[in-house]
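Residue-level structure breakdown
The chain contents come next:
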Amino acid sequence: NAGVMQNPRHLVRRRGQEARLRCSPMKGHSHVYWYRQLPEEGLKFMVYLQKENIIDESGMPKERFSAEFPKEGPSILRIQQVVRGDSAAYFCASSGTPPETQYFGPGTRLLVL
Amino acid sequence: GESVGLHLPTLSVQEGDNSIINCAYSNSASDYFIWYKQESGKGPQFIIDIRSNMDKRQGQRVTVLLNKTVKHLSLQIAATQPGDSAVYFCADSGGSNDYKLSFGAGTTVTVRA
C-alpha cells in the first residue's frame, strides 16, 4: 500500500513564476491537507480538501495561493507569481474521515531565486 | 493560532538510555494528540497518538503520557538507538476543527554512541 506521494521533491523557481505542487493521497483516503514548514519551525496548516471540495483554507494566503483536489488525479497546490518568502517545504497529508491519523508525504522543497 | 509548544529545543541522550520529550498545549478544546518524527529531508512520520479519554498509551519502545490537568504531553522512548536521532514534533487538534493539526516547534534528539 503506497504512502502519500508528492512531486516534485525539489522545485526551483524565479520570482514571478508559477509553482505547482502535486499530492497523491494514500489509497482509500479522500481527505487531503497541505502544510508549510519554514526552516527550524513546525508545520503550519494551510488548507483541507476533500474530493472536489475545499473545506477549510483559513491557513492559506488569500492572494497567489490556490488548491484543488479534483475528482480524478492528485491534489494540486498552486502558487502564482512566487516571491522569495514562498521558499519553504510544503507537505501534504491524507487521512480517512477526521479525526483520523494524518499521514504525510515526503514534501516538496520550493526554492525561489 | 499556535497551541502547542515544546519545553526544550534539543535533547542529547546516550545510546541505550531512555529519552523523554515534553510538550505543552494551550487549547482546552484539544482532544487528539499525536507525535511525529522527522528525519532530515523527509516528511513527518507518525509515531503514536492518544485521545483525551486516555492518559497513557504504549507502542513499540514508545509511550505517550497525557496530563489534561496541566495540558502536558510527553513522549518516552525506551533504549534509545542511533536511528532515533531526528526532530520530534507534537501536534494537537480538537473542537470544531478536529482536522487541523497545530504543531509545536520541535525537539531535536541526538543520540550519542
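Going by the structure above, here's the rest.
The paragraphs below set out a description of the structure included in this document. Residue positions are given per chain, counting from 1 as you read along its sequence in written order. As a convention, the first chain written is A and the first ligand written is 1, with the rest following in written order. Only residues with pLDDT of at least 70 get local features here, since the model is predicted, and only at 80 or more are side-chain atom pairs given and counted; chain-wide, interface and lining totals rely on the full set of residues. Computation of side-chain values: all heavy atoms of the structure, hydrogens and water removed.

1. A few points about the side chain of Ser30 of chain B
Residue and element names in this part refer to chain B. Comment: elements are numbered from the N terminus, with helices defined as DSSP H or I runs of at least four residues and strands as E runs of at least two. Note on placement: Ser30 falls in strand E4 (residues 30–38). Throughout, exposure labels follow a simple rule: accessible area from a 1.4 Å probe, protein chains only, divided by the maximum for the residue type, with under 20% read as buried, over 50% as exposed, and the rest as partly exposed. Here Ser30 falls in the buried class, since its relative accessible area comes to 6%. Engagement of the side chain of Ser30 in a polar contact is seen with the side chain of Asp92, the distance being 2.2 Å. In this description, contact between two residues means that some pair of their heavy atoms is separated by no more than 4.5 Å. Each residue touching Ser30, except ones within four places of it in the same chain, is listed here: Tyr25, Ser52, Asp92, Ser93 and Gly94. By the criterion applied in these results, polar contacts are pairs of N or O atoms within 3.5 Å in which, for protein atoms, one can donate a hydrogen and the other can accept it, and in which residues neighboring in sequence qualify only through two side-chain atoms.

2. Overview of the pairing of strand E7 (residues 62–67) of chain B
Residue and element names in this part refer to chain B. Each pair of strands is called paired provided DSSP finds at least two bridges between the two strands. Where strand E6 (residues 56–58) meets E7, three bridges bridge the pair, whose relative direction is antiparallel. Looking at the pairing, Lys56 lines up with Leu65 of E7. What sits between E6 and E7 in their antiparallel hairpin is a turn of three residues, with Arg61 showing a positive phi close to 65°. Linking two consecutive strands that pair antiparallel, namely E7 and strand E8 (residues 72–77), is a turn of four residues; a positive phi of about 55° is found at Lys71 within it.

3. Thoughts on the nonpolar core
Within soluble globular proteins, side chains that are nonpolar generally end up buried alongside one another. Throughout this description, the term nonpolar core refers to a set of buried Ala, Val, Leu, Ile, Met, Phe, Trp, Tyr and Cys residues connected via side-chain atoms within 4.5 Å. Within the largest apolar cluster, 23 residues are counted, with the highest numbers of intra-cluster contacts made by Trp34, Met46, Leu77 and Tyr90 of chain A. Elements with a contribution of two residues or more to this core: strand E3 (19–24), strand E4 (31–37), strand E5 (43–50), strand E7 (65–68), strand E8 (75–79), strand E9 (88–95) and strand E11 (108–112) of chain A. If sequence neighbours within four positions are ignored, Leu77 of chain A has contacts with Ala19, Arg20, Leu21, Trp34, Met46, Met60, Ser66, Ala67 and Tyr90 of chain A. Counting residues in hydrophobic clusters, the runner-up holds 19 residues, among them Val62, Val64, Ala86 and Val109 of chain B.

Any link to function would need more than the numbers given here.
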